[in-house]
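# Survey of secondary and tertiary structure
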Amino acid sequence: MTVQTRRIVAVSHGDISCLGVVRTPRAVVVAFPVGTTPDAIRNALENPTLHLRQIGRGLLAILPPTYPLLGDTAEPALLRGRNVLVAIRSGETADAAASWLTYHQAHQGAEAAVIFDRDPPDRTEFADAVTALKPDLPVIVVSADHPFGQANAPDARDPALAPAAPDRTMPPVDPWHAPLGQLTLFELLRHRFLSEARAVAFLDISDLLLPVPEGSVFDRAAQAPGKVLPLKGVET
């Protein structure tokens, strides 16, 4: 199957910056970074039908589909009707991702994956390595031209940040790999790729969902009230 790459591109509009823009047939979806105020958004966009939603500490604007703002066109057909794994990659290897995909294909009925790669956009090693492994599932590796980490926070991959780490010396600030701070990322992924998926499972690449008699996680999510199935993990 194919591995495709996509990128989230920051957009400036007036006096404000957007983390990303997705154009769908029904709306223009705009994600704003943490710290952007509702008044600043309304003043910049100047649209009476603007609808704002708070996602984490960030804001998401929903505008009419005719609103003149450059952005990425939604691609729901890529994953239409599929059971899709979604993961945020921050340092995991392509081999680990391939094993994760293969496991969930065999044991949970996964049919595709979207992996957001938190490396800077000039680092394409992960996408290249996943492509070379020729996974059996269609995979979309998404990068961004700007970081989504918490401001002024260190690299979350550093062993010094582990709960049992003996050395508590903080590593340098790294917005590319700091703990995720811009949660509007998930809305950008949802509107751009996932709106017509059958079911979606958001996991870490280190997470493995064990088979249970009740059926696959995707089947249970599709049948759950509200179409949401909370998961509880156990670290081993």
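Above this text you will find the structure in question.
The notes below deal with the structure included here.

Definitions and limits used
Residues numbered from 1 in each chain as written. Predicted model: local features only at pLDDT ≥ 70, side-chain atom pairs only at ≥ 80, totals over all residues. Heavy atoms only, no water. Salt bridge = Lys/Arg side-chain N within 4 Å of Asp/Glu carboxyl O. Helix = DSSP H or I, 4+ residues; strand = E, 2+ residues; numbered from the N terminus. Buried < 20%, exposed > 50% of the residue type's maximum accessible area, 1.4 Å probe, protein only. 1 Å grid on protein atoms, 1.4 Å probe; cavity = no way out; pocket = protein on both sides within 12 Å on 5 of 7 lines; lining within 4 Å. Points joined across faces, edges and corners; volume = space filled by probe spheres on them. Nonpolar A, V, L, I, M, F, W, Y, C, P; charged D, E, K, R; others polar. Phe/Tyr/Trp six-rings, centres within 6.5 Å; stacked < 30°, edge-to-face > 60°.

### Points about the pattern of salt bridges
Using the criterion set out here, one finds 10 salt bridges in the structure. Its salt-bridge partner being R53, residue E187 comes within 3.4 Å of it at the nearest N-O pair. Residue E187 is located in helix α4 (residues 185-194), and its partner R53 is located in strand β6 (residues 51-55); the two are separated by 134 residues in the primary sequence. You can call E187 buried: its relative accessible area is 11%. Put simply, E125 and R123 hold a salt bridge, and the shortest N to O gap is 3.1 Å. Exposure remark for R123: the relative accessible area of 40% places this residue in the partly exposed category. Several salt bridges converge on common partners, so that one network encompasses R53, E187 and R190.

### A word on empty space enclosed by the protein
Across all of its chains, the model carries 1 cavity of 30 Å³ or more by this definition. By volume, the largest cavity is sized at about 40 Å³. In terms of lining, the largest cavity is formed by F116, D117, R118, D119, A144, H146, P147, F148 and W176. In terms of residue class, the lining of the largest cavity is made up of 5 nonpolar, 1 polar and 3 charged.

### A look at the packing of aromatic side chains
Under the counting rule described, the total for this entry stands at 2 aromatic pairs. Where F116 meets F148, the ring centres are 5.6 Å apart and the plane angle is 80°; that geometry is what we call edge-to-face. With F116 in strand β10 (residues 112-117) and F148 in the loop between β11 (139-144) and α4, this pair connects stretches of sequence that are 32 residues apart. Each member of the pair, F116 as well as F148, is classed as buried.

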